[in-house]
Structures are given as structure tokens and as C-alpha cells.
Amino acid sequence: MKTFIKNYMKAVGVVCACMAAFPACTDMMETDSTTVGFEEDNRLDSPNDSLYSVLGILSQVQRLGDRYVLLGELRGDLMEATADANVDIQEISNFSVSSGNEYASFYDYYNVINNCNYAIAKMDTNIVFYEDKVMIPEYAQIKVIRAWTYWQLGLATGQVSWIEEPVLSLESALKNYPQKNLEDLAQLLIDDLTPYVGARALDYGTIDNFDSRKMFFPVDMVLGDLYLFLGRYADAATAYYRLIDKRKLTLTSSYGNYWNNTARTSASGGWMSAYVNVGSNELLSSLVYSSRPDSYHPQLVRWSYNEVPSIVPTVSFTDWMSRVTHYYAAENTTRIQGFFTGDLRGQFEFPNGTTSSVSYSTNGLGDYKGVLIDKFYSLSVSGGVEDPENEILGGLRYVRNLPVYRASQVYLRLAEAINRYGRPATAFAILAYGLNKTTLANASRIPVSERTGEMFLDFTSDTYDNNVGTATRGRGRAIGYTGSDYLIPDYTPYDIVTETDEETGEEVERKVISTDPVRLAAAKADSIEYVENCIIDEMAAETAFEGSRFFDLMRIARHRGQWPAYAAEKVAARFEDGKGDLQVRLMDEDAWFLK
């Protein structure tokens, strides 16, 4: 890693990339703006300095967008590279990354980290204006950006060089920096972020026609993910709940895909708006890009929606999505009115054989007749110019923002934490019914034994009255109704006891719940694992191709004490040939990471 840091310094010319002198707000999202280098004696001692610093750092985070998706999904079970993809993308998908792979260069990560380190070192957080330390919100967000970037780097490589001071000289570049594995890194980042829980969220109004509030990473989301990775389930649930409570995050039926009748001749589709609509109250954080088509943007549309695609959905995923049960009920009804197949967050499949794409499309494009990822195309805007690399679209399409965190993701990770905390019925309610006062009061859905008073179990506020289960938004409003088989199986252990009937004097047998602590614990563990299987499936349907699948699989495997075996089995299922060989290779933890 010393060699890398030395090379990094050569690349940046022994100064950090500067974020302190942008000429206009519309230039803030430019990664190639002309800027002035940070000097060692510069201070960031005004609110304007801090504003431009944090936005400048975000302009560097843009460069991580393609990697965020490729490394998060191609090492998972939902996306794969095609034979037409460039070699670097194929290597990631096949877990055979060579030293010259473009995505095995970590320059962009350390560039963000170094810029954060400079701002943290130089920002004067003691400046007071009307008793308010005005620099703290920016200072806190820069720490969160650094933590998020460090964590993405750690997930890519398995270990990182821990650097807290800005690298501004060749001397500092040649230092031996401590190496931190993921466990150590997670704890360091937790310790670094915890003092800034509750810091005021940043809001600079509209920048380049984008709501600036959604450019930033919530500290509680990053903390929750770190706690969840470490298996600190109560801490993770508390962090996610704080975010839900502070932002008043809800999951409503407005963002759902539904059939309009039992004949399935028409449908209503609001679910994709939660992903593509920047005004959606479910969108929390995005990597944001310039409105100018000639500026830097991710290549995701070209790679995914093209006559010669580079990345496509896995067959195992689309087959599963088309097979799952859909529980139909018209709006404002209380009984199941039909059983169909297919999760509508994948695509609509009408009885006449036609389809309408959502996350993916089976209709192909031009001469390509296979399955395509539709999500990034739906997210894209027109550039108004030709695109010779994707002529079939009739012009350039590019994404202006790449969602990183959405409300449904927060709720699903809360469910994951609550489940492992030992409250499987409450966790399952997030999927099937929606957490609100009505669900909490229904003992057939959440037993009294799970209502133990923790803050993160309290959804009795009127705010959450319209919460629905995440699964209802693709698998039907009736998925939680009476008659549905979307339920936690009854794992209750029973014993047969013999008693004497008081009236007849005869001996009779009666079934009673076992009091054997070993069997009761095993039953609880079975419930937790069943719900966890539902959660990881729901994460696939809800957040497919968005960049988090590798981390999702890793966490679940770690919860079960089966890392990397659980993830290896899941990922190997997407390979028709050589499945067994790959699964064996992925039993080596090093095979998952770029070196």
C-alpha cells in the first residue's frame, strides 16, 4: 500500500484536489472544474469555505458511481456480465480480477478520503454565530462521506490503509500506514461518527435543479450499516429507527405496482417513482451528476440498455421473480380475490403474453432478444445529442443521480436487525403488513412476548398509520390477508402429556407447548432464519441492481456464521457451467476481494 500512496501523490502533484473556489453553483457537480490546490497553511474558517468544501468533495465521490454498482452487484447473485462486456467487467463478474483491472485501482477512493482529511484538519469548528457552531454540520457530513467512502473501499478490498491526516508531501506519502480489516475498520468508523449523531442535516436549497438535501449521506444510515455488519443488532436497529423517526420515513401504497382487476388487463405502477423521482420522499441519498451532457456521468445506461449489453440480470433472479405468488386484492378490500404469479417490481406480465418492463425487460432491444436491466434507463435523462456507442436509443441517455439510500432500504435493514435481535414476528411485519399501531396491536401478527418496550419497536405514532409491508408493493395488497401462505411457519415444539380425566378417571393424552429450553431456542432460531430468508429475498426484489447486493449477502452470511459459504452458494447459482468449481473457489474469503 505504500507504493500506492506514493503513486497517488505523483498523480495529484503533492497537493489535494481543491474544493474551495467554485465560480457558480451549476459548476459544483463538475468533476473537471479548474480549482486551486489546498496549501498546508490554508484554513477553512468561514461558512462559505465549508459549503464549497463539502460540495467539492461530493464532486469527487461521483467517480465512485460505476464502481458502487459494479462491485456491489457483479459479486452478487442478481447481475452478471455478458461475453460482450469489456474484460475488466467480466473479470469482476467471474471473480478473476487481474492486477491491471481498471476497477482494481483505488485512486478515486483515496482521493475522496484525502480531500476529506484535508477539510477535517483545516476546518475551524469553533467559529460561533449566535451561539451556533456554524461549521459543525459540514464538518460532520465530511466525516460521514469519509466513512462511507472508506467502507466502500473496505468492501471492495477486504482491508484498507487507515489514513487520518491529509497526505500533502512525499514524506507523508512514504509512511507506513496501518492496515485495517473490515471488523477493525467498522469500529474505527463507528467511533469517528458517533459524536455527530444529531448534527443538523445540510440543506443548500436547489443546486443544478436538484434537491441538495438528497446529496448527503445520513449519519444514522452509515452507522446502522456498520453496527449491522458487526452483529450489534440493538445498536443497528436504534440507528435505523432514529433515521426513520427524525425524517418521518414511511412506506405507503403510493409507491407500489398493482393489478387493476382480476383479469389483469391493466395495472398501475408507482413503484419505480420511489427510485427515479428525485422529488420522492422515499429517496434519501444519491450520487449527483451535472445537468450538462458533456460532463462526467456513469456508463450504466450504455452498459445495461443497449443492443450489445455488458451487464444483464441473472436468469436465476428473473425466473424466481416470475414464479413467486402474487396475492391480488382490489384497493380498500379485505380479502384475497386472486392468486397469480410474478413480483410486479420485476415486470408486468399480462395474460395475453405481453410484458411491461419495470426493473428489467424481457423484450430485448433491437437485434438483442435477451433480458435487459431497465432501471438505469428509467432513471436517465436525454442529453439532446447523438451517442455513437448506443445508437439504438436515438440519442444520448445518462443518469443525473444514482440513488444510494431509499426509505425501503432503511426499513428492510431495520427488519434485518430486529429479526436478529430476536423479534422475528416484528421484523416480518415490515415485509407483510407494515409497522403501525394496528399491526402492533394484533397479537396474531406480533405476539405480546415481542412487545418488550425498546424504542426501535415503537411505531404507534400516527405518522406510521399508512405504513404497508414492503412486499405488498410488488406481490399484491393481499399478501398479508387471511388465507395467504406468506407466513412464518409454526415451529413451536410440543410435548404429549398423559393426564387423568377427573370425570371418567380415564387417562387421556394432551398436546402442550414444550418447556424444554433447548427445543424452544431451536424453534426461535428456525423462525429467525425463515424470516431472514424472506428479508434477503425482499431486498432482491426491492433493491435489485442498485449496488448493495454483495454487502447484503455478506451480512446475512456473517449473521449465520456461514461467511463465505452462504454467499458462495448464492452466487454460484448464476453460473450454469463450472458452478461447483466456482463455489469451491469462493470458499476462500480472499477470492471475493480486489487486491
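Residues numbered from 1 in each chain as written. Predicted model: local features only at pLDDT ≥ 70, side-chain atom pairs only at ≥ 80, totals over all residues. Heavy atoms only, no water.

Caption draft 1: Spatial organisation of the domain arrangement of the chain. Taken domain by domain, the chain comprises domain 1 (47-200), domain 2 (235-554) and domain 3 (561-594). Taken residue by residue, the interface counts 20 residues in domain 1 and 11 residues in domain 3. Summed over both sides, the interface of domain 1 with domain 3 buries roughly 1200 Å², with 58% coming from carbon and sulfur. Looking only at domain 1, the three residues that lose the most surface to domain 3 are Arg 75, Asp 77 and Phe 95, adding up to 44% of its buried area. Where domain 1 meets domain 3, there are 0 salt bridges. Taken together, the connections running from domain 1 to domain 3 amount to 7 residue pairs in polar contact (both at pLDDT 80 or more). Mapped onto the side of domain 1 that touches domain 3, the elements with two or more residues apiece are strand E1 (79-81) and helix H6 (136-157). Per-element accounting of the side of domain 1 that touches domain 3 gives the leading share, 4 residues, to H6. For the side of domain 1 that touches domain 3, the per-class residue count stands at 11 nonpolar, 6 polar and 3 charged. (Domains from an automatic or database assignment. Contact = heavy atoms within 4.5 Å. Buried area = accessible area lost by both parts, 1.4 Å probe. Salt bridge = Lys/Arg side-chain N within 4 Å of Asp/Glu carboxyl O. Polar contact = N/O pair within 3.5 Å; in protein donor to acceptor, adjacent residues only side chain to side chain. Helix = DSSP H or I, 4+ residues; strand = E, 2+ residues; numbered from the N terminus. Nonpolar A, V, L, I, M, F, W, Y, C, P; charged D, E, K, R; others polar.)

Caption draft 2: View of a nonpolar patch on the surface. Together, Tyr 494, Ile 513 and Leu 520 line one region of the surface with nonpolar side chains, adding up to about 260 Å² of accessible area. With respect to the helices, strands and loops of the structure, Ile 513 is situated in strand E22 (residues 507-513). (Patch = residues over 30% accessible without salt bridge, like charges linked within 9 Å, V, L, I, M, F, W, Y side chains within 5 Å. Areas by Shrake-Rupley, 256 points an atom, 1.4 Å probe, with all protein chains shown as cover.)

Caption draft 3: Focus on the packing of helix H20 (residues 549-559) against helix H21 (residues 565-572). The contact between H20 and H21 brings their axes to 7 Å, and the two run at 140 degrees. Put simply, H20 runs oblique to H21. Here Leu 553, Ile 556 and Ala 557 of H20 come into contact with H21, specifically with Tyr 566, Ala 567, Lys 570 and Val 571. Broken down by class, the residue content of the contact of H20 with H21 amounts to 6 nonpolar, no polar and 1 charged. (Axes fitted to C-alpha atoms, helices over the stretch in contact; angles between N-to-C directions. Parallel < 35°, antiparallel > 145°, perpendicular 65-115°, else oblique.)

Caption draft 4: Summary view of the pairing of E22. With 7 bridges connecting them, strand E21 (residues 494-500) and E22 associate as antiparallel partners. Looking across to E22, one finds that Thr 500 is bridged to Glu 507. (Pairing = 2+ DSSP bridges.)

Caption draft 5: Seen up close, the pattern of salt bridges. Taken as a whole and judged by the stated rule, the model has 32 salt bridges. Across the salt bridge formed by Arg 558 and Glu 183, the nearest N and O atoms sit 2.6 Å from each other. Taken together, the positions of Arg 558 in helix H20 and Glu 183 in helix H8 (residues 182-193) put the pair 375 residues apart, joining distant regions of the chain. We classify Arg 558 as partly exposed; its relative accessible area is 25%. A relative accessible area of 33% means that Glu 183 is categorised as partly exposed. Across the salt bridge formed by Asp 387 and Arg 302, the nearest N and O atoms sit 3.0 Å from each other. Here the residue Asp 387 occupies a position in the loop between strand E18 (380-382) and strand E19 (397-399), and Arg 302 occupies one in helix H12 (residues 300-304), the gap between them amounting to 85 residues. Three or more residues are tied together by salt bridges with common partners; here these are Glu 282, Asp 343, Arg 345, Lys 375, Arg 406, Arg 473, Glu 538, Glu 542 and Glu 546. (Buried < 20%, exposed > 50% of the residue type's maximum accessible area, 1.4 Å probe, protein only.)

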